[in-house]
Amino acid sequence: MTERIWSGRSWLYILLLPLSALYGLVSGLRKLGYKSGLFRSWKASVPVVVVGNLTAGGNGKTPVVIWLVEHLQRKGYRVGVVSRGYGGKSEHYPLLVTDEVTTAQAGDEPVLIHSRTGVSVAVAPKRIDAVKKLLAHSPLDIVITDDGLQHYALQRNYEIVVIDGIRRFGNGCWLPAGPMRELSGRLNTVNTIIVNGGTAEAGELPMVLKGEIAINLLTGEKRKVSHISDVVAMAGIGHPPRFFAALQQLGVTLQKTYAFADHQAYEKTQLLALTNTEQNLLMTEKDAVKCSRFAQANWWYLPVSAYFPEDQGQKLLDEICALIPEGNNRSS
């Protein structure tokens, strides 16, 4: 129902417009408070890059964060990542993500980023606290925030907005009548606009997510995803249909699909009930980090990576690298 309302295919959004107006008023006043200096913001000692979005739900921010981390690491820069840690609950914050930290503590995305890149990741409801934790933990050249575009208490040097190229901005209304955290005019003030799938408009950087090799959660075996038969697919991400459509484009025949809420925690019995003994359960990497401790032999996940047109991707990377002062220490 939410998808229909936000996409403009249901007139019920009209009933929610008063709440949207209130949301827009409160968020606008809050932003004005930081812009005018009424509310204090904090500036880190290293450059801060925000990867965020204007809409609620998953747009592909985390693959962009991973792309940036991996490319900056290849250049020898020391990178840290901060996150709100949606879906996680820790006894204390800020929380530094290690190999022993679970998704129940830190949330799925911070654990995924750490496991994919080995980068230092800190989680806290207040991203300023997370940045301070990272800087106290080890020397860094740059910090990337996964989400946090609207977290104006933290000053930033560069802003990236990721847009779902298929859904874009739906009906264009503020929450809850529409998907907007901020209205589309905010795009005029950011540094880079990345469009995940669909068709990029003028001035936007097109991105595609690619992945063809599935990995078995239990054994680590790698297999071309199109060679896995009797597939039941599940996804607990911002927009599960995108994952299912991608699998079909890769030649996977889906016997059944299950869409779960973003950041949902899973139980072993819950997932065992999705397949019979002859079927394979295929999930996203974001789901896999929450299921690895009770993985089964017929469970697979499909890692994906962000890809950009080479020249445009290099331009983005050059702009990010230019933020880092010359002569900063680099890792060996």
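Remember, it's a predicted structure, so these values are computed and weren't measured experimentally. (Residues numbered from 1 in each chain as written. Predicted model: local features only at pLDDT ≥ 70, side-chain atom pairs only at ≥ 80, totals over all residues. Heavy atoms only, no water.)

Caption draft 1: View of the pairing of strand β8 (residues 205-210). Sheet topology places strand β7 (residues 192-196) next to β8; three bridges connect them, and they run parallel. Bridge pairing links V195 to P206 in β8. Strand direction decides the pairing type here: β8 and strand β15 (residues 305-307), joined by three bridges, are antiparallel. Each residue of the ladder has a partner; that of L209, found in β15, is A306. (Pairing = 2+ DSSP bridges. Helix = DSSP H or I, 4+ residues; strand = E, 2+ residues; numbered from the N terminus.)

Caption draft 2: Up close: the sheet that holds strand β2 (residues 79-83). Taken in spatial order, the nine strands make up an open sheet running β3-β4-β2-β5-β1-β6-β7-β8-β15, and their pairing is mixed. Looking at the sheet topology across the chains shown, the edges are occupied by β3 (95-97) and β15. Each strand of the sheet is rotated relative to its neighbour by a mean of 25 degrees, with strand direction disregarded. Both β2 and strand β4 (residues 120-123) contribute to a ladder of four bridges, which runs parallel. By the bridge assignment for β4, V81 is matched with V121. Its contacts with the sheet place helix α5 (residues 108-117) against β2, β3, β4, β5 (142-146) and β15, and it is angled at close to 170 degrees to β4. (Axes fitted to C-alpha atoms, helices over the stretch in contact; angles between N-to-C directions. Contact = heavy atoms within 4.5 Å.)

Caption draft 3: View of the sheet that holds strand β14 (residues 299-302). In spatial order, the strands read β10-β9-β14-β13-β11-β12; together these six strands make up an open sheet with mixed pairing. In this open sheet, the two strands that pair with only one neighbour each are β10 (222-224) and β12 (254-259). Going from strand to strand, the sheet's axes swing by 30 degrees on average, the running direction of each strand aside. As defined by bridge partners, strand β9 (residues 213-216) adjoins β10 across three bridges and the pair is classed as antiparallel. Considered in β10, the bridge of A214 is made with R223.

Caption draft 4: Up close: helix α7 (residues 240-249). Three or more residues of α7 are buried, namely P240, F243, F244 and L247. Taken down its axis, α7 places every buried residue within 95 degrees of arc, on the same side. Buried residues along α7 sit against β11 (231-235), β12, β13 (280-284) and β14. Just beyond α7, the residue with positive phi is G251, at close to 90 degrees. (Buried < 20%, exposed > 50% of the residue type's maximum accessible area, 1.4 Å probe, protein only. Arc of directions from axis to C-beta.)

Caption draft 5: Expanded view of the pattern of salt bridges. Applying the stated criterion to the full structure yields 16 salt bridges. Taking the shortest distance from any N to any O, the salt bridge between E182 and R186 comes out at 3.3 Å. By relative accessible area, E182 is classed as buried at 9%. R186 sits in the buried class, given a relative accessible area of 6%. One salt-bridge network, in which partners are shared between bridges, spans K31, R156, E159, E182 and R186. (Salt bridge = Lys/Arg side-chain N within 4 Å of Asp/Glu carboxyl O.)

Caption draft 6: Seen up close, the packing of aromatic side chains. Per the counting criterion, the structure on display carries five aromatic pairs. Ring geometry for F260 against Y266: centres 5.3 Å apart, planes inclined by 80 degrees, an arrangement best described as edge-to-face. You'll find F260 and Y266 in the same group, each marked buried. The residue whose ring lies beneath R84 is Y86, and the NZ or CZ to ring-centre distance is 5.7 Å. Positioned above the aromatic ring of W42 is the side chain of K132, whose terminal nitrogen or guanidinium carbon lies 5.2 Å from the ring centre. (Phe/Tyr/Trp six-rings, centres within 6.5 Å; stacked < 30°, edge-to-face > 60°. Lys NZ or Arg CZ within 6 Å of the ring centre and 35° of its normal.)

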